[in-house]
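# Inside the fold
Now for the letters of each chain:
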Amino acid sequence: MSDANFLREIEEEVRRERMIKIWDRYGHYIVAAAVLIVLTVGAWRGWVWYQARENARAGERYEQALSLAEAGKQAEAEQELVALSKDAPAGYRILARLRLAAESGKTSAVEGAKAFDAIAADTSVDPVLRDLARLRAALLLVDSAPVSEIESRVAPLTGAKAPFRNSAKDALALAYYRSGDRAKAAELYREILADPGLTPALANRAQVMQALTAEAAAKPAAK
């Protein structure tokens, strides 16, 4: 046997003895750690499966509620939406609450706005959805509330990077238009049309309203 082979066998024997000593001393910890890892992975996979199943069920219930509403069965649709708003996964809970607020707004703008305000005040809701609720509340009140109230409601939504900035400005411009302040309405519509992120649908609406604003402003001069 060469010296190299002999030394290699000695090293392997030393390693085996060390491993035996380590196992004798820490083996139960190693087994416990391995079992814990297996249980953790199993629990995580089980939770993912459970969440997927619950989301699928909630999705079916939400679609059923919408179908009931479209069929004119408002009471049944509302009952299902109320249930979803209480026991569904988070995403469908907020969808149900938004839908309930919208349905409430069809019969009473004030009550609908209150429902949207409650969503906007809920810090557990995603900030974007809270902003959407603020906007929907303002839109419900745009026909009846003072311009100052609409302005205070939508002002936080009109920032340069706010996702609903143009819709918020549109709501405020409409409030100004209906109050008779054509100049401020026209200014807001110009801002909306100058925004490169403007959607085609809102661009068409802004163009129509800008034309109506200009026409209304020109009438007194024509007399």
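Everything in this summary refers to the structure shown in the same document.

Parameters at a glance
- Residues numbered from 1 in each chain as written.
- Predicted model: local features only at pLDDT ≥ 70, side-chain atom pairs only at ≥ 80, totals over all residues.
- Heavy atoms only, no water.
- Helix = DSSP H or I, 4+ residues; strand = E, 2+ residues; numbered from the N terminus.
- Buried < 20%, exposed > 50% of the residue type's maximum accessible area, 1.4 Å probe, protein only.
- Areas by Shrake-Rupley, 256 points an atom, 1.4 Å probe, with all protein chains shown as cover.
- Salt bridge = Lys/Arg side-chain N within 4 Å of Asp/Glu carboxyl O.
- Expected span 1.5 Å × (residues − 1).
- Arc of directions from axis to C-beta.
- Polar contact = N/O pair within 3.5 Å; in protein donor to acceptor, adjacent residues only side chain to side chain.
- Contact = heavy atoms within 4.5 Å.
- Phe/Tyr/Trp six-rings, centres within 6.5 Å; stacked < 30°, edge-to-face > 60°.
- Lys NZ or Arg CZ within 6 Å of the ring centre and 35° of its normal.
- Axes fitted to C-alpha atoms, helices over the stretch in contact; angles between N-to-C directions.
- Parallel < 35°, antiparallel > 145°, perpendicular 65-115°, else oblique.
- Left-handed = near helix turned anticlockwise from the far one by under 90°.

### Section: the overall build of the protein
A tally of helices and strands in the protein yields nine helices and zero strands. Buried positions account for 31% of the 223 residues belonging to the protein. When the accessible surface of the protein is totalled, it reaches about 14400 Å², and 58% of it is carbon and sulfur.

### A look at the pattern of salt bridges
Counted according to the given criterion, the structure contains 13 salt bridges. Salt-bridge contacts for Glu-149 lead to Arg-153; the nearest nitrogen and oxygen are separated by 3.2 Å. One end of the pair is Glu-149 and the other is Arg-153, both in helix α6 (residues 147-154) and four residues apart, which spans about a single turn.

### Remarks on helix α2 (residues 74-87)
Look at α2: 20 Å from first C-alpha to last across 14 residues, which is about the 20 Å you get at 1.5 Å a residue. Of all the residues in α2, the buried ones are Ala-77, Glu-80, Leu-81, Leu-84 and Ser-85. Projected onto a plane normal to the axis of α2, the buried residues spread over an arc of 140 degrees and lie on a single side. Seen from the buried face of α2, the exposed residues on the opposite side, beyond 90 degrees, are Ala-75, Gln-79, Lys-86 and Asp-87.

### Concerning the side chain of Asn-166
Locating Asn-166 in the fold gives a position in helix α7 (residues 165-179). At 3.2 Å, the side chain of Asn-166 forms a polar contact with the side chain of Asp-195. Not counting residues up to four positions away in its chain, the partners in contact with Asn-166 are Ile-192, Asp-195, Gly-197, Leu-198 and Leu-202.

### Some points on the packing of aromatic side chains
Summed over the entire model, instances satisfying the criterion amount to zero aromatic pairs. Here the guanidinium or amino end of Arg-182 rests over the ring plane of Tyr-177, the centre of that ring lying 4.3 Å away.

### Points about helix α4 (residues 109-120)
With 12 residues, α4 extends 16 Å from end C-alpha to end C-alpha; this agrees with the ideal 16 Å at 1.5 Å per step. Residues Gly-112, Ala-113, Phe-116, Ile-119 and Ala-120 constitute the buried set of α4. Here the buried residues of α4 occupy an arc of 115 degrees about the axis, which is enough to place them on one side. The elements touched by buried residues of α4 are α3 (90-107) and α5 (127-141).

### Comments concerning the packing of α3 against α4
The interhelical angle for the contact between α3 and α4, taken along N-to-C directions, is 160 degrees, at an axis separation of 6 Å. In terms of their interaxial angle, α3 and α4 are classed as roughly antiparallel. For α3 against α4, the interelement crossing comes out left-handed. Touching Ile-94, Arg-97, Leu-98, Ala-101, Ala-102, Ser-104, Gly-105 and Thr-107 of α3 are Ala-109, Glu-111, Gly-112, Ala-115, Phe-116, Ala-118 and Ile-119, all from α4.

### Concerning the environment of Ser-108
Along the chain, Ser-108 falls in the loop between α3 and α4. Put simply, Ser-108 and Leu-141 are 33 residues apart on the chain and 10.0 Å apart in space, counted from C-alpha to C-alpha.

### Regarding the environment of Leu-139
Of note, Leu-139 is situated in helix α5. Residues Leu-139 and Arg-153, 14 residues apart in the sequence, show an inter-C-alpha distance of 9.9 Å.

Interpretation in functional terms is not warranted from these geometric data alone.
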